[in-house]
Amino acid sequence: MILTTAQVGCFKNKKNLHMAKVSTFSFIKEVREELAKVSWPSRETTIRYTIIVIVGCLIVGAIAGGMDYVLSLLFKTFIF
């Protein structure tokens, strides 16, 4: 029998290694309780980190593109 994610409970201790069935309603309730405990970042922090990631990706992309261009010129000049 294959159990879905909603049917599999957490292991309460290491001695009890079998999978426990949990009702879908109970699973959703536990998920909501855990999500309430999460310390979510503020909107400003999320925007700041998003900008940092985008700028970092652009810098890495520019470096990789530049290296590709230079290496292709070197290969064309010396090998082909």
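Procedures and definitions
- Residues numbered from 1 in each chain as written.
- Predicted model: local features only at pLDDT ≥ 70, side-chain atom pairs only at ≥ 80, totals over all residues.
- Heavy atoms only, no water.
- Helix = DSSP H or I, 4+ residues; strand = E, 2+ residues; numbered from the N terminus.
- Buried < 20%, exposed > 50% of the residue type's maximum accessible area, 1.4 Å probe, protein only.
- Areas by Shrake-Rupley, 256 points an atom, 1.4 Å probe, with all protein chains shown as cover.
- Salt bridge = Lys/Arg side-chain N within 4 Å of Asp/Glu carboxyl O.
- Polar contact = N/O pair within 3.5 Å; in protein donor to acceptor, adjacent residues only side chain to side chain.

Chemist: Pulling in residues and values, what's your account of the overall build of the protein chain?
Modeler: Along the backbone of the protein chain there are two helices and zero strands. The proportion of buried residues among the 80 residues of the protein chain is 4%. On the protein chain, roughly 7,600 Å² of surface is accessible, and the fraction owed to carbon and sulfur atoms is 69%.

Chemist: Kindly report on the pattern of salt bridges, identifying the contributing residues and their values.
Modeler: The full count for this structure, using the stated rule, is one salt bridge. When the shortest N-O distance is used, the salt bridge between K37 and E34 registers 3.2 Å. Residue K37 and its partner E34 are located together in helix α1 (residues 24-37), separated by three residues, close to a single helical turn. Relative accessible area serves as the criterion here: at 62%, K37 is assigned to the exposed category. Judged by its relative accessible area of 48%, E34 is partly exposed.

Chemist: Would you mind going over the side chain of T45 in detail, with residue names and values included?
Modeler: Residue position: T45 is located in helix α2 (residues 43-78). Residue T45 is classed as buried on the basis of its relative accessible area, which comes to 18%. Within polar-contact distance, the side chain of T45 engages the side chain of S42 at 2.9 Å.

Chemist: Outline the environment of S72, supporting the account with residue identities and numerical values.
Modeler: Structurally, S72 is set in helix α2. In this structure S72 comes out as partly exposed when scored by relative accessible area, which is 27%. Looking at S72, its side chain comes within polar contact range of the main-chain oxygen of Y69, at 2.8 Å.

All quantities given are derived from atomic positions and should not be read as evidence of function.
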